[in-house]
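# Secondary and tertiary structure notes
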Amino acid sequence: VGLLMMMASEVSEAVNLVLTQRLLQDCKFTVMEGLYALAPPSAACLFSAAAILEWPAMARQGHLEVLTQRPEMFAAAAALGLAVNFCNMLLVQVTSSLFCKILNTVRGICLIYVGVLFYGEEMTFTEFSGYFVALLGFVAYNYVHFFPNEGTRLESLADRLCCRSTALVNIEKPADSEPGSKL
């Protein structure tokens, strides 16, 4: 169940970013117009989910009083959320949804490393290796993006290496076998 929820979250975020890019770049909306168009449906979805999934437990445990005890904290959280959404939409407008998704992934990985380095959280070698490979992919993506000629050179090198291994496999086949013929 957890894996399916994570996959649904990732797909939803990707669709959200692509549609936001379409709105900001293809339809030529400004960031403020994009927020004006997207904020009400987003707020309605979040409000509905919170009302169904969170509010009953909050009411049973008496946690709704926290809203009235610290309204300035909730106002600050709302303002920061608006600022994050504004910056996120600005980033999508200036770059692309793919870059924004990759940057969000790197941000999450860096947050995990900060937790390990400064807060004593534990990480297995397999987890460390996976995060390292993801960061390496981010560095490689940016390298190829900023130096397209080097990217083309690396791609042709990979093609040559793949063609060599394919050529070796073709040499080992019997000479009388043709493509599509049954042996």
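Up top is the structure.
Summarised in this report is the structure supplied together with it. Each chain has its residues counted from 1, running along the sequence as written. Confidence filtering applies because this is a predicted model: local features only for residues at pLDDT of at least 70, side-chain atom pairs given and counted only at 80 or more, and all residues used for totals across whole chains, interfaces and linings. As a rule here, side-chain values come from all non-hydrogen atoms in the structure, and water together with hydrogens is ignored.

### Focus: the nonpolar core
Basically, it comes down to this: In these notes, a set of buried Ala, Val, Leu, Ile, Met, Phe, Trp, Tyr and Cys residues joined through side-chain atoms within 4.5 Å is what counts as a nonpolar core. Three exposure classes are used, based on accessible area relative to the maximum for each residue type with a 1.4 Å probe and protein chains only: buried under 20%, partly exposed in between, and exposed over 50%. Put simply, DSSP H or I for four residues or longer makes a helix, DSSP E for two residues or longer makes a strand, and each gets a number counted from the N terminus. Residue contacts are counted whenever heavy atoms from the two residues lie within 4.5 Å of one another.
Counting 7 residues, the largest nonpolar core is built from Leu17, Leu24, Val31, Leu35, Met89, Val92 and Cys100. Counting residues per element, the ones that place at least two in this core are α1 (2-26), α2 (31-53) and α5 (71-94). Filtering out sequence-adjacent residues up to four positions away, Met89 remains in contact with Thr20, Leu24, Val31, Gly34, Leu35 and Leu38.

### Examining α1
In an α-helix, one turn spans 3.6 residues; hence positions three or four apart end up facing the same way. For the record, the criterion: A helix is expected to span 1.5 Å for every residue after the first.
Over its 25 residues, α1 extends 35 Å from the first C-alpha to the last, a length consistent with the 36 Å expected when each residue adds 1.5 Å. The complete set of buried residues in α1 reads Leu17, Thr20, Leu23 and Leu24. If you follow the buried residues of α1, they end up packed against α2, α5 and α6 (97-119). Phi turns positive one or two residues past the end of α1, at Lys28, with a value near 60 degrees.

### Thoughts on α6
Between its first and last C-alpha atoms α6 spans 32 Å; for 23 residues at 1.5 Å apiece the expected length is 33 Å, and the two agree. Listed as buried for α6 are Ser97, Phe99, Cys100, Lys101, Ile102, Val106, Ile109, Tyr113 and Gly115.

### Points about the pattern of salt bridges
Opposite charge on two side chains permits them to pair, given that their charged atoms come into close proximity. What counts, and what does not: Here, a salt bridge means any side-chain nitrogen of Lys or Arg that lies within 4 Å of a carboxyl oxygen of Asp or Glu.
In total, this model carries 5 salt bridges according to the counting rule given. Among the salt bridges present, the one from Arg22 reaches Asp26, with a minimum N-O distance of 3.6 Å. Highlighted residues: Arg22 and Asp26, both in helix α1, separated by 4 residues, approximately one helical turn. Overall, the relative accessible area of 49% leaves Arg22 in the partly exposed class. In this structure Asp26 comes out as exposed when scored by relative accessible area, which is 53%. Across the pair Glu72 and Arg70 runs a salt bridge, and its minimum N-O distance is 3.1 Å. According to the relative accessible area criterion, Glu72 is partly exposed, its value standing at 44%.

All we've got here are geometric facts, nothing functional implied.
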